Amino acid sequence: MGILGKISEWRMKFFLWVGLPVIATMGFMFGVFDLVPAWQAHNGSGATGTFTAEREDCSRRSCNFVGSWAATDGSSSRTDIILYDEPDAFTTGRTIEALDTGARNGVFATTGGSTYLLVTAFVVGGIAALIGWVFVIRNAFRRRGAAVPVAA
């Protein structure tokens, strides 16, 4: 096996032993807590209220509207939260009807969107990576056990 083959083998081992657990952890961390709230919003359940966009926070890849939410019946409110599934023409200072389903960082616009699919993909990806990592560990122990000579 040449040097390129050894480098390729090393990359694969690194991915299997480090990459899969990282992917599994990230999938769970970014998805599992918001999975049920995202699906509840998709199905239209939750406390209805009004979200007011106070500012727009942008990173390298995306922008989020941050603001406050108040229940229609006045029973609860939240501040400094994100609006998920905002419509395309939404701007700072505007208000929109939104559902509070208990998501950690925000509320969901009632106009609908695909956040529930993104959160589901994170969780499924995390589960798949975890299952893959379990197989890697199992196979490593099997190979190690097969390589040990049995004393007569």
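Our subject is the structure that appears above.
Structure report, in brief. (Residues numbered from 1 in each chain as written. Predicted model: local features only at pLDDT ≥ 70, side-chain atom pairs only at ≥ 80, totals over all residues. Heavy atoms only, no water.)

## Remarks on the state of the cysteines
Covalent bonding between the sulfur atoms of two cysteines is what defines a disulfide.
Step number 1: Taken as a whole, this structure holds 1 disulfide when the rule is applied.
Step number 2: Shown here is the disulfide that connects Cys 58 with Cys 63, its sulfur atoms set 2.0 Å apart. The chirality of the disulfide connecting Cys 58 with Cys 63 is right-handed, given an S-S dihedral of about 110°. (Disulfide = S-S within 2.5 Å.)

## A short note on the sheet that holds strand E4 (residues 95-100)
Step number 1: Taken in spatial order, the 5 strands line up as E1-E2-E3-E5-E4 and close into a barrel, and their pairing is mixed. With strand direction ignored, the average angle separating the axes of adjacent strands in the sheet is 50°.
Step number 2: Note that strand E2 (residues 63-71) and strand E3 (residues 77-84) share 4 bridges and pair antiparallel. Residue pairing in the sheet places Gly 67 in a bridge with Ile 81 of E3. (Pairing = 2+ DSSP bridges. Helix = DSSP H or I, 4+ residues; strand = E, 2+ residues; numbered from the N terminus. Axes fitted to C-alpha atoms, helices over the stretch in contact; angles between N-to-C directions.)

## Details of helix H2 (residues 35-42)
Step number 1: What H2 keeps buried is the set Pro 37, Ala 38 and Ala 41. Angular distribution of buried residues about the axis of H2 spans 100°; they occupy a single face of the element.
Step number 2: A positive backbone phi angle near 85° is found at Gly 44, which sits one or two residues after H2. (Buried < 20%, exposed > 50% of the residue type's maximum accessible area, 1.4 Å probe, protein only. Arc of directions from axis to C-beta.)

## Quick notes on the pattern of salt bridges
Step number 1: As enumerated under the stated definition, the model contains 4 salt bridges in all.
Step number 2: The closest approach of N and O atoms between Arg 55 and Asp 80, which form a salt bridge, is 3.0 Å. One end of the pair, Arg 55, is in strand E1 (residues 47-58); the other, Asp 80, is in strand E3, and 25 residues separate them in sequence.
Step number 3: Using a relative accessible area of 52% as the deciding quantity, one classes Asp 80 as exposed.
Step number 4: A salt bridge links Arg 78 to Asp 100; the nearest nitrogen and oxygen atoms lie 2.8 Å apart. Taken together, the residues Arg 78 in strand E3 and Asp 100 in strand E4 connect sequence positions 22 residues apart. When sorted by exposure, Arg 78 lands in the same class as Asp 100, which is buried.
Step number 5: Through salt bridges with shared partners, a single ionic network connects Arg 55, Asp 57 and Asp 80. (Salt bridge = Lys/Arg side-chain N within 4 Å of Asp/Glu carboxyl O.)

So, to be careful, I would describe these as geometric facts and stop short of saying anything about function.
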